[in-house]
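Okay, here's what each chain looks like letter by letter:
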Amino acid sequence: MTGNVVKFVAEGVEYPADRLQSFIALARTIDVLIPQDAWPEDVWQVGASFVTKGQNRDNRALAFYNRDTILTNRHEIIGGAPLADGIKEFAKAYIRYQHSSSPVAFENTAKRLDALQFIEAAFRSLGTAPVIENLNVTVLNTAVAIAKDGVGAGRHYQFAIYIQQVYRFCMERKFLNAPFQWKHGVTKPKDKTEALGREAKEWREKKLPSPEAYRALAHIFRHSETFVDRLYSAISAIFVSIPIRAHEVLQLRVDCEVFDTIKDPDSGKLVDAYGIRVFPGKDNPPQVKWVPTQMASVVQEAIARIREMCADARSVAAWYEANPGELWLPVELQRFRASDWLKREDVSRLVAIESKVAIARWVRQQDVEWRPGSTNSTKMREVRISSLAARLLQKLPKEFPNFNGADDQKYSHTLILLLLNQVHTSKPRYPGLVEQVTIQSYDHWLSGHGKRPSVFDRWDFKERDGSPIRISSHGFRHWLNTVAQLKGMSDLDIAKWSGRKVEQNKAYNHVSSDEFLDQVRAALDDGKGTGPMFEAAKVTGIKPPVDHREFLDAQIGSALVTELGICVHDYSLLPCQTHGDCLDCSENVFIKGDLKHKERVGKRLSLTEKQLADALLAMGDDFYGADRWVQAHQRSVEKLRGILVIHDDPSIQDGTVVNLAGGSKDSEVAMALRDRQDAKASRPESSVYPAEEAAEDDGTLAAMWED
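Residues numbered from 1 in each chain as written. Predicted model: local features only at pLDDT ≥ 70, side-chain atom pairs only at ≥ 80, totals over all residues. Heavy atoms only, no water.

Asks: Looking at this structure, I do not really get the nonpolar core. What am I missing?
Replies: One broad rule of soluble globular proteins: the nonpolar side chains tend to lie buried together. Counting 48 residues, the largest nonpolar core has Phe90, Ile119 and Ile163 as its most contacted members. Those elements that place two or more of their residues in this core are α1 (16–29), α2 (85–101), α3 (106–125), α4 (137–147) and α5 (153–172). In this view, Ile163 contacts Ala115, Phe118, Ile119, Leu140, Ala143, Val144, Ala147 and Trp182; residues no more than four positions away in its chain are not counted. Judged by nonpolar contacts, the second largest core, of 44 residues, contains Ile276, Ala296, Val423 and Val437. (Core = buried A, V, L, I, M, F, W, Y, C linked by side-chain atoms within 4.5 Å. Buried < 20%, exposed > 50% of the residue type's maximum accessible area, 1.4 Å probe, protein only. Helix = DSSP H or I, 4+ residues; strand = E, 2+ residues; numbered from the N terminus. Contact = heavy atoms within 4.5 Å.)

Structural data, given as C-alpha cells:
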C-alpha cells in the first residue's frame, strides 16, 4: 500500500496550557495591587492597596517564594527560593485577578498565596515538577496535609478552603490537563460560641476582661500622670462604656458628643441622655451610641481630657491644612522664614533633640542643607528651612489632610490626634508634625509588646491568681455584648448598639449554659418570669410546703438550647420524657424579645400551618387517622401563635423568661405532687389539716403539707 501520510489536526482545539497563558497575559494588564512594571519582582509591595482603619500597615508585602522561606518585617528574604516557574506566574496572575474581581482583606489575600505555596510544596514532596496544569487529587490531598503542620484546627480548615478555591478556579476555566472532581475532607471545627463544657467556657472567659482588669484601669484613669497613661486610660474609659470598635474610637471627631432628652420606657418621663456619634465599620451608617447613665459622667470626663491633651496636635494639623506645602514653625521662629535660614540650636524646636551635637548629627543624617558660621569653619551654624521642610513634610501621613482617606473628615477635626512620636519613649518627638494613634500602639500599651511591659505590669496589677493581666481592645466589646445578653437586651437592640448586623451577634455572645441557668433561676427567685413554672414559685404562706431554694433547684436542672427555646429539664433525675416534643413540654422556656427564637418559631408556624392544611384535606377525603393529625397540628399552631403573641406583646418586657402553660409532660415536681395526691386518696381520712386559708384554697398544696 502506497500513498502520503497526512497528520490529522482537529481545528479549534485549545489546550489547557494555552488557556493558562492567556489568563496570565490578561492578569498582567489589570492595574491593581502593584504598578505594571513591578510584575517581574518576586516580592510585591502591596501596602497601599489595603487600607486598615486605625492601623499603620502601609508596608505589607506578598512574597512569591516557597514554604521554606521566611519574610522578615523588613521584607528581607531568609532561606527558601522563589516558587517554581510552572506555578509562579500563575500565582501572580491568580492573586492579581482575584483581588480585582473579589477583593478581600490583606490577611485573606495572604491565605490565597498560602494555598498556592502549599500546592507547590505538595508537588515537590511527591517528586513531581510543580506545574499547575498537572494538578491532581494526590497533590491536593498532600497540600491539605502539609497545611496542617503547626496550626490549629480552625486555621487548617481555612487553608483547606483556600486550596479548594484554587482547584475550583482551575476547573471552571479548564486549566487542568485531566479534569477531576475533588473536595477537601477537613471537618469544620465546632463553633466555640455554642460549645459546652469546661474547655469552651474557659475559651469564652479568655475573651472577656476580668474584674481585676477593670479595677486596675479605673485606678490608672484616676491616678495616672504621664501623657501616655492619661491619654490611653481615657480611651479605655470609652471602650468599657459602649460597644465600640478600636478604629471607631480612634476616628472620633471633636464634636462627637450628643446631648438629648428621651422618654424613659419604664416611667414615661423625659430624661437626659448622653451619647457618642460614631462612624461604624462593616458598611453601617453613622449612628449615636448611647452611653449607660451610670457611665455618662466618666465618658464625658474622658472626652474632655482627650480634647484638651490633643489640642496642640489639632492646631498643627489646622495650620498645615491652611498652608499646604509649607513647614510649620513656632511663632517666635516665624521671622526666619523670609531668610530661609534657621539657627542650628533652634532646630530643637522642630525635632525634640536637646544636644547640639545630636542635632548636627541628625541634620547630616537627614541630608538637610546647612552652612557654617564662616568660610574657614566646618562647624554647623545654620540650617536651610526649605531643605528641612522637604525632609519633614515627608513624615506627614500619606492621606493628609483627609483622615483615613475620608473626604468629610480632616485631621484638625479628629478628637484623638498626636504630635509625631508623642507617645514613643525612644524616638525624637516632632512638635511640628502630626500622626494618628494606631490600634497597635494602644494594644501595646494595654498588653505589652516584646520587652515593653504592659500598663498593668508597670503599675503592678495582677489577676486574682497572681498571673499577669492580658486583654485586648476588642475584649471590651465582647464583654459589653455579653452583659447585654445576660440582662435580656434583644438581639436587634444589641446589634444596633454595637453597629453591626443581627446575625453577627453570635460571635460576641459568651453567655455560658451555667450563666443562663442562673438567669432562669433568678427569674424564679425575683418573680419576674411568666408562666406556670414561675407561678408555682410565687405561692407563699405562713408555712410553705418546701424550702424556696429547694423548690427552685428541683424545677431547674439544665439549660440546653433547642429550636423552640431552652430546656430546663433535670437530666440527673430522668431522661427526656417528651422525645423531642419541646413545643408541648412544660419544661421549655424562652426569652421574650429574642429575635432568633421568634424567627425560628415563625418558620415552624408556616410549616405547621401547611401540614394542618394537608391534614384537613386528607380528613375531607376520609383518610383513616387524618383527624388525629388535624388535632395535633391545631394544638401546635395554637401554641406557636401564642409564642409569637408574647414576643409582640409590649406589656411584657424584653428579656423576660417565659414558660408556656399546658405542657403535656410532667416535671419531677409535678409527678411528686400527683404521687402525694394519690397516696392521700388511698389512706384513711385524717382529722389533722392545716388551718391556713391559703392551703385550703389549693388541694394540691394541702396534700403536700401532710406527712
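Asks: Help me understand the sheet that holds strand β5 (residues 257–263), please; the structure alone is not making it clear to me.
Replies: Hydrogen bonds between backbone groups are what pair the strands of a sheet, and the pairing can be parallel or antiparallel. Ordered by their spatial adjacency, three strands build an open sheet running β5-β6-β7, and the pairing between neighbours is antiparallel. Looking at strand neighbours, the two that pair on one side only are β5 and β7 (287–290), the edges of this open sheet. Each strand of the sheet is rotated relative to its neighbour by a mean of 45 degrees, with strand direction disregarded. Pairing geometry for β5 and strand β6 (residues 270–278), over seven bridges, is antiparallel. Along β6, the bridge assignment pairs Glu257 with Ile276. (Pairing = 2+ DSSP bridges. Axes fitted to C-alpha atoms, helices over the stretch in contact; angles between N-to-C directions.)

Asks: Mind showing me how you'd approach the pairing of strand β15 (residues 588–591) here?
Replies: Walk down a regular strand and you will see the side chains alternate between the two sheet faces. Here β15 shows two buried faces, one formed by Asn588 and Phe590 and the other by Val589 and Ile591. For strand β14 (residues 565–567) and β15, the ladder comprises two bridges, and the chain directions are antiparallel. Directly across from Cys567, in β15, lies its bridge partner Asn588. With three bridges joining them, β15 and strand β16 (residues 657–659) adopt antiparallel strand pairing. When the sheet's bridge partners are listed, Phe590 is paired in β16 with Val658.

Asks: Can you walk me through the sheet that holds strand β9 (residues 370–372) in this structure?
Replies: Taking strand neighbours across the sheet as the criterion, the three strands line up as β8-β10-β9 in an open arrangement whose pairing is antiparallel. This sheet does not close on itself; its edge strands, each paired only once, are β8 (341–343) and β9. Within this sheet the neighbouring strands show an average axis-to-axis angle of 35 degrees, counted without direction. Here β9 runs beside strand β10 (residues 380–384); their pairing, made up of three bridges, is antiparallel. What sits directly across from Trp370, in β10, is Val383. Against the sheet, helix α12 (residues 356–365) makes contact with β9 and β10, and its axis sits at roughly 45 degrees relative to β10, the strand it touches most. The strands that helix α13 (residues 385–392) touches are β8 and β10; relative to β10, the one it contacts most, it runs at about 65 degrees.

Asks: For this particular structure, what's the right way to read α12?
Replies: Since the α-helix advances by 3.6 residues per turn, residues separated by three or four positions end up pointing in the same direction. Looking only at α12, the buried set comprises Ala358, Ile359, Ala360, Trp362 and Val363. Elements that come into contact with the buried residues of α12 comprise β9, β10, α13 and β12 (430–435). For α12, the capping residue at the N-terminal end is Ser355, with a side-chain oxygen 3.3 Å from the backbone nitrogen of Val357. At the C-terminal side of α12, Asp367 shows a positive phi close to 60 degrees. (Polar contact = N/O pair within 3.5 Å; in protein donor to acceptor, adjacent residues only side chain to side chain.)

Asks: How should unusual backbone geometry be read in this particular structure?
Replies: Residues apart from glycine generally show negative phi values, whereas peptide bonds are mostly found in trans. Following Phe400, the chain continues into Pro401 via a peptide bond in cis, with omega recorded as 10 degrees. Tracing the backbone through its elements, the reader meets Pro401 in the loop between α13 and β11 (418–420). The backbone phi angle of Asp367 is positive, close to 60 degrees, even though this residue is not glycine. Assignment of secondary structure puts Asp367 in the loop between α12 and β9. Judged by relative accessible area, which is 65%, Asp367 ranks as exposed. In this model, Asp460 sits at a positive phi of 60 degrees, which is unusual for a non-glycine residue.

So yeah, pure geometry; function would need other evidence.
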